[in-house]
Amino acid sequence: MTRISILDKDRCQPKKCDYLCINYCPGVRMDEDTIIIDEDTKKPLISEELCEGCGICTNRCPFDAITIINLPEAAGEPIHRFGQNQFELFGLPTLEEGTVLGLLGQNGIGKSTIMNILSGNLIPNFGDFENNPENWDAVIDFYKGSSLQKYFKDLSEGKIKTVLKPQMVDQLPKVVKGKVKDLLNNVNERDKLEFVTKELQLENVLDRKMENLSGGELQRVAIAATVLREGDFYYFDEPTSWLDVSQRLNAVKVIRSLAEEGKSVLVIEHDLATLDALSDNIHILYGQPGGYGVVSGRKGVRLGINAYINGFLSEENVRIRRNPIEFTIRPPTPEDEGDALSSYSDLNKDYGGFKLTADAGEIFYDEIVTAFGSNGIGKTTFAKLLAGVEEPTDGEVDSEVTIAYKPQY
Ligand code: SF4
Ligand code: SF4
């Protein structure tokens, strides 16, 4: 069994623990270099060759900074490792012309690393981070005989073009300045501006500046800019975060239009319903967030999503979660029962251009209330009024309760 050790450098605080992991490691006590101190960072470096996997360091570390992981046999050969005691990726998906391939898995399990490798932004080192060859020849040689050999050969020779929609669209205004229509006109290589503008409902933001857009607007502009560019392979990293339900369906339509034109599309998506509507096939990523990630074999979208929900991949014979995800159906809570924790009168908030009105209501103990609706319709304003972040123009909110508020941005 292959074993890897992971050090979370953010958690590791040697000044506060005096290297308990090193002091208690049986290998170190036998004068072996099982754990040494990195001269640059002053943090421990664990030798995976010498480590016996006893787990003493993980138990002794007061900050839970060390994880010792026994890899499943199905993991196969490593594709990329970021460094000693750092995240390792196993496997890559293979793309197919004219289809949308979905990637499903937890955060921190390698989905964005896959996108970076396939889009040519990261050359895989196959776990050999010390002698990282950083050249495409090694990659082409590794995939000899598979479809990825041709893919990486063409990619390295500039014969194929990849287009990537990044995950962090809220960072876009830092690198893209000016009006939306100028940005979209500049990238309109496929002459689809009218189509994407209409389908993604961007007409009203064309004259706005990037720095004045909301998260949902930035996401739709980013999708539009990706679809407008000419490419062979399109990568979308979380295209529907920030979008409401109808905007998600519009995004599905626009992204699927690429596959209908014969393009290859890979999408990272957390929303199972969107993934179902969007993908022809999926790969599930499993492993340990921040530790390692394994790409499963390709699965039909329905079977794959059901396998993910059940937590068991039958082809790989791997259990990815101890228990299935269960969607519990509860009877609706009767509205007139229970004790009210807080209440508010009829509310009105007038920003000049936008006005929100809400009927009076109560919030009960042990209750979760969901505000559901389109983007830009006042959900955040409503939450801000209840949380006391904004004062209503008319009406009152109970100010006696203590409130914790997580803002959208
Ligand atoms: S891994 Fe834990 S025990 Fe070891 S130096 Fe870091 S904080 Fe201390
Ligand atoms: S698991 Fe045991 S042998 Fe391995 S580094 Fe930790 S303490 Fe040392």
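Here we summarise the structure given alongside this text. (Residues numbered from 1 in each chain as written. Chains lettered and ligands numbered in written order. Predicted model: local features only at pLDDT ≥ 70, side-chain atom pairs only at ≥ 80, totals over all residues. Heavy atoms only, no water.)

This paragraph deals with the nonpolar core. Counting 35 residues, the largest nonpolar core has Leu184, Met210, Val221, Ile223, Phe236 and Val265 as its most contacted members. At the level of elements, α9 (180-186), α10 (193-199), α11 (215-228), β9 (233-237), α12 (245-260) and β10 (264-268) are the ones that each hand at least two residues to this core. Among the elements that line this core, the one with the most residues is α11, at 8 residues. Those residues within four positions of Ile223 in sequence are excluded, and the remaining contacts are Lys165, Leu200, Phe236, Pro239, Leu243, Ala251, Val254 and Ile255. Leu89, Leu92, Tyr143 and Leu148 belong to the second largest nonpolar core, which has 29 residues in total. (Core = buried A, V, L, I, M, F, W, Y, C linked by side-chain atoms within 4.5 Å. Buried < 20%, exposed > 50% of the residue type's maximum accessible area, 1.4 Å probe, protein only. Helix = DSSP H or I, 4+ residues; strand = E, 2+ residues; numbered from the N terminus. Contact = heavy atoms within 4.5 Å.)

With that out of the way, let us pick up empty space enclosed by the protein. Enumeration according to the criterion identifies 1 cavity of 30 Å³ or more in this entry. The space that makes up the largest cavity amounts to roughly 90 Å³. If you go around the largest cavity, you meet 14 residues; those closest to its centre are Cys12, Cys17, Cys21, Pro44 and Cys61. The set of elements that each furnish at least two residues to the lining of the largest cavity consists of α1 (14-17) and α2 (20-24). Its residues placed into classes, the lining of the largest cavity shows 13 nonpolar, 1 polar and no charged. (1 Å grid on protein atoms, 1.4 Å probe; cavity = no way out; pocket = protein on both sides within 12 Å on 5 of 7 lines; lining within 4 Å. Points joined across faces, edges and corners; volume = space filled by probe spheres on them. Nonpolar A, V, L, I, M, F, W, Y, C, P; charged D, E, K, R; others polar.)

This part takes up the site of ligand 2. Near ligand 2, the surroundings consist of Cys25, Pro26, Thr34, Ile35, Ile46, Cys51, Glu52, Gly53, Cys54, Gly55, Cys57 and Ile68. By residue class, the composition of the shell around ligand 2 is 8 nonpolar, 3 polar and 1 charged. (Near = heavy atom within 4 Å.)

Here we take up the site of ligand 1. Not every one of the 13 residues close to ligand 1 is listed here, only the nearest: Cys12, Gln13, Cys17, Cys21 and Cys61. Given that more than half its atoms are within 2 Å of the pocket grid, ligand 1 belongs to the largest cavity. Residue composition of the shell around ligand 1, grouped by class: 12 nonpolar, 1 polar and no charged. (Sits in = over half its atoms within 2 Å of the grid points.)

Let's shift gears to the side chain of Glu217. The topology assignment puts Glu217 in helix α11. When its relative accessible area of 15% is taken as the criterion, Glu217 is described as buried. Separated by 2.8 Å, the side chains of Glu217 and Arg208 make a polar contact. For Glu217, the residues in contact, after removing those within four places along its chain, are Leu202, Val205, Arg208 and Asn212. (Polar contact = N/O pair within 3.5 Å; in protein donor to acceptor, adjacent residues only side chain to side chain.)

Before going further, it helps to spend a moment on helix α14 (residues 301-310). Looking at α14, one finds that the buried residues are Val301, Gly304, Ile305, Ala307, Tyr308 and Ile309. Along its buried surface, α14 packs onto β7 (100-104), α13 (272-278), β11 (281-288), β13 (299-300) and β14 (312-313). Trailing α14 by a residue or two, Gly311 shows a phi angle of about 80°, which is positive.

A few words on the layout of surface pockets. There is about 370 Å³ of room inside the second largest pocket. Around the second largest pocket, the lining comprises 23 residues; the ones closest to its centre are Ile4, Glu48, Glu49, Arg81 and Glu88. Of all the secondary structure elements, the ones that give two or more residues to the lining of the second largest pocket are β1 (3-7), β5 (78-81) and β6 (88-90). Residue composition of the lining of the second largest pocket, by class: 9 nonpolar, 6 polar and 8 charged. Both domains that meet at the lining of the second largest pocket, namely domain 1 (3-70) and domain 2 (74-161 + 231-319), each give it at least three residues. (Domains from an automatic or database assignment.)

A few words on unusual backbone geometry. A negative phi angle is the norm for most residues apart from glycine, just as the trans form is the norm for most peptide bonds. If you check the backbone angles, Asp64 has positive phi at about 50° while not being a glycine. Asp64 gets classed as exposed once you look at its relative accessible area, which sits at 53%. Backbone geometry at Phe126 places phi at a positive 55°, although glycine is not the residue there.

With respect to the element layout, Lys111 can be found in helix α5 (residues 111-118). With a relative accessible area of 5%, Lys111 lands in the buried category. In sequence terms Lys111 and Gln219 are 108 residues apart; their C-alpha atoms lie 19 Å from each other. When neighbours within four sequence positions are excluded, Lys111 is seen to be in contact with Leu103, Leu104, Gly105, Gln106, Ile268, His270 and Leu285.

By the definition in use, this model includes 10 aromatic pairs. With a centroid separation of 4.0 Å and 25° between ring planes, the pair formed by Phe126 and Phe142 is classed as stacked. With a gap of 16 residues between them, Phe126 in the loop between α5 and α6 (136-142) and Phe142 in helix α6 connect regions that are remote in the sequence. Look at Phe142 and you get partly exposed, because its relative accessible area is 31%. Of the aromatic side chains, those joined through ring pairs into one cluster are Phe126, Trp136, Phe142, Tyr143, Tyr151, Phe152 and Phe233. Cation over ring: Arg60 sits above Tyr24, and NZ or CZ is 3.8 Å from the ring centre. Over the face of the ring belonging to Tyr351 we find Lys349, whose NZ or CZ atom lies 5.2 Å from the ring centre. (Phe/Tyr/Trp six-rings, centres within 6.5 Å; stacked < 30°, edge-to-face > 60°. Lys NZ or Arg CZ within 6 Å of the ring centre and 35° of its normal.)

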